[in-house]
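Chain by chain, the residues:
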Amino acid sequence: MSSETTTQIPEAAAVPPSGPAPVNKRVPRGHKRLLTRRDRITLGFMAGVPTVLHVALVWVTALASIALAFTSWDGIGFDSIKWVGLDNFQQLFSDNPQFWPAVQHNVIWFVVLILIPTPFGLFLAVQLDKKIRFSRVYQTAFFLPVVVSLAVTGFVWQLVYNPDTGLINSLIGANKPGHYIDWIGDPHLNLWAVLIAASWRHTGYMMILYLAGLKGVDPSLREASSLDGANEWQTFKNVIFPTLRPTNTVVLVVTIIEALRAFDLVFVFNKGAQGTELLSILITNNIIGESSRIGYGSAIAVVLLVISLAVIIPYLIATFRKERQA
């Protein structure tokens with residue numbers, strides 16, 4: 001009996017390719033650079049240009065105004081700058097008949113904005129927060145004056161206050177000869193006329209701020225208050241309004257800033273003359289007016305800056321301290 005021997009032929013080994021052996025490239029370990037050089041240059045440009053502009057147009061000009069407040073300069077050549085010390089402030093406080101009325105008008109501006117349009121804006125925000133029909137349309141209508149330029153707002157209200165064809169005089173019959181009411185020219189009326197226009201715009205601003213604050217109120221607080229038997233007014237007074245403390249801080253600061261920087265409406269109405277003097281108007285008239293007393297105008301700007309910081313900083317410190325303690 002013959003046995004067959006099975007011969008197994010192994011598979012042919014893989015023949016290495018001709019040429020130099022491939023070199024294994026090792027990937028460097030550690031932090032990988034996610035930004036290329038071009039990306040870093042772009043980011044540096046995008047962050048650097050706004051920073052330079054902010055420093056140059058805000059901080060440098062503010063510090064320059066503080067320095068110029070102690071000098072006398074007509075704006076023609078740097079060689080004409082003369083150091084006068086506190087003479088500008090002494091003349092401002094004692095010899096300028098428009099300064100103290102301007103301070104008084106700025107204070108009146110703040111009081112009116114905090115007492116009339118701010119509560120009315122809060123009222124509108126509470127009503128719109130109830131998700132009534134067409135709430136988006138109402139929000140747009142009330143917020144529209146904030147979007148419109150203050151100069152355009154001034155021109156619109158000039159038409160409303162026109163003695164001959166204005167809306168108000170036409171409604172009350174004061175557009176006839178001998179019965180005119182000059183809302184802009186009368187020094188006893190023009191400041192209040194401008195404040196009505198400012199309040200019309202400020203109401204929409206306050207409405208948006210308070211509406212944003214109301215959106216952040218926890219709904220469970222309302223439900224717990226209703227379960228305890230509180231009515232709508234009690235819920236708002238005891239539950240909702242206390243939670244709006246951060247919003248109230250923002251509202252107060254914004255209102256102070258709006259009152260101190262008021263300029264556009266008054267300048268469009270009558271350029272701050274005949275009973276509508278403001279600190280911002282005095283600064284403009286002295287710096288870019290015919291007299292070009294840059295040092296004197298800078299002194300008024302420094303006074304306005306000190307008033308702003310003296311009012312805002314202590315309030316913010318006290319508010320933040322209470323929040324930390326709570």
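To be clear, the structure that these remarks concern was listed above.
Residues numbered from 1 in each chain as written. Predicted model: local features only at pLDDT ≥ 70, side-chain atom pairs only at ≥ 80, totals over all residues. Heavy atoms only, no water.

## Remarks on the overall build of the protein
Each helix and strand in the protein was counted, giving 14 helices and 2 strands. Out of the 326 residues in the protein, the part that is buried amounts to 34%. Counted over contacts in the protein with a minimum sequence separation of 6, partners at least 24 positions apart contribute 65%. Total accessible area computed for the protein in this model is approximately 21,900 Å², and 65% of it derives from carbon and sulfur atoms. (Helix = DSSP H or I, 4+ residues; strand = E, 2+ residues; numbered from the N terminus. Buried < 20%, exposed > 50% of the residue type's maximum accessible area, 1.4 Å probe, protein only. Contact = heavy atoms within 4.5 Å. Areas by Shrake-Rupley, 256 points an atom, 1.4 Å probe, with all protein chains shown as cover.)

## A look at the environment of Leu92
In this structure, Leu92 sits in helix α2 (residues 87-95). For Leu92, a relative accessible area of 0% puts it in the buried group. Leu92 sits 204 residues away from Tyr296 along the chain, and the two C-alpha atoms are 7.9 Å apart. The residues touching Leu92, leaving out its near neighbours within four places in the chain, are Phe99, Tyr296, Ala299, Ile300 and Val303.

## So, the nonpolar core
Counting residues in each nonpolar core, the largest one holds 22 residues, and the members touching the most others are Trp109, Tyr161, Leu265 and Phe269. The set of elements that each furnish at least two residues to this core consists of α3 (99-115), α6 (150-160), α8 (190-215) and α12 (264-270). The greatest single-element share of this core, amounting to 6 residues, is contributed by α8. Counting residues in hydrophobic clusters, the runner-up holds 20 residues, among them Phe89, Ile256, Leu260 and Ile312. (Core = buried A, V, L, I, M, F, W, Y, C linked by side-chain atoms within 4.5 Å.)

That is the geometry; function is a separate question.
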